Amino acid sequence: MRAGTQEGFSIVELIIAVAIAAIAGAIAMPAFHNFTENKKLKSAARALESDFFELKERAIAENRQFRLTINVVPNNYTTERCGAVAQSPCAGWEPPTVRDFSAIGTNIAIAGAPNTTETQYTFQTRGTATPGTVRLILTNRPSWAEITTNITGRTYVRFDLQ
C-alpha cells in the first residue's frame with residue numbers, strides 16, 4: 001500500500017448517494033401505494049369468489065341450500081345455511097355469518113349489486129346457483145373487480161386495475 005491514499009467515500013459522495021436514493025423513493029412511493037391498494041382489492045374479490053365456491057361445494061356435500069346475501073349499504077355480505085336437509089324452497093335459515101371487507105382494506109366498497117340494498121345468491125343441492133354479478137370498487141381510485149356466478153354455480157373474477 002502506498003502512503004497517503006485513502007479508501008472509502010467522501011462526505012460529498014455520500015450526500016449525493018443519499019439524495020439520489022431519496023428522489024427514487026419519492027418517485028416510487030405513489031406507485032407502491034397504488035400497487036398495495038390494488039392488491040387489497042384483488043384479495044377482497046378472491047375472498048368473495050372463494051365463499052361462492054365454498055357454498056356451492058357445501059350445498060352439494062351437505063344436501064342443503066346455502067345463501068350468500070350482498071348487503072350494499074353496510075358494505076358486507078352474509079352466508080347462511082338452510083335449516084333442513086334437501087328442502088326446496090328453504091323454510092328457515094340458520095343464523096348468518098357476516099363477512100366484512102374492512103379487515104382487508106378500508107377503501108373497498110360493493111358497487112355493482114343489481115339491487116341497491118341487498119342481493120341474494122342461493123346455491124341448490126345440485127350445485128346450481130342464482131346467476132349474477134357483484135362489482136367491488138376502490139373508493140379512492142378507478143379500479144374494480146367483478147365477481148360473476150352463472151347458473152351452474154361456476155364463479156370467476158374480472159379485474160380492471162388502474
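All residue numbers refer to position in the chain's written sequence, counted from 1. Thresholds applied to this predicted model are a pLDDT of at least 70 for local features of residues and 80 or more for the giving and counting of side-chain atom pairs; totals over whole chains, interfaces and linings are not thresholded and use all residues. Here the side-chain values reflect all heavy atoms present in the structure, with hydrogen atoms and water set aside.

1. Quick word on the pattern of salt bridges
A side chain with one charge can pair with a side chain of the opposite charge if their charged atoms come near.
Here's step 1: Only one rule defines a salt bridge in this text: a Lys or Arg side-chain nitrogen within 4 Å of an Asp or Glu carboxyl oxygen. In the structure shown here, the tally under the stated rule is ten salt bridges.
Here's step 2: The closest approach of N and O atoms between Glu 80 and Arg 67, which form a salt bridge, is 2.8 Å. Placement of the pair is Glu 80 in strand S2 (residues 76–81) and Arg 67 in strand S1 (residues 66–71), with a sequence separation of 13 residues. Here Glu 80 and Arg 67 have matching classes, each one buried.
Here's step 3: We note a salt bridge from Glu 94 to Arg 81, for which the minimum N-O separation is 3.0 Å. Of this pair, Glu 94 sits in the loop between S2 and strand S3 (97–100) while Arg 81 sits in strand S2, and the two are 13 residues apart along the sequence.
Here's step 4: Residue Arg 81 is classed as partly exposed on the basis of its relative accessible area of 24%.
Here's step 5: A single network of salt bridges, built from pairs that share partners, joins Arg 58, Glu 62, Arg 64, Arg 81 and Glu 94. Put simply, DSSP marks the helices as runs of H or I at least four residues long and the strands as runs of E at least two long, and each gets a number from the N terminus on. Relative accessible area decides the class of each residue, using a 1.4 Å probe on protein chains only: under 20% of the type maximum gives buried, over 50% gives exposed, and in between gives partly exposed.

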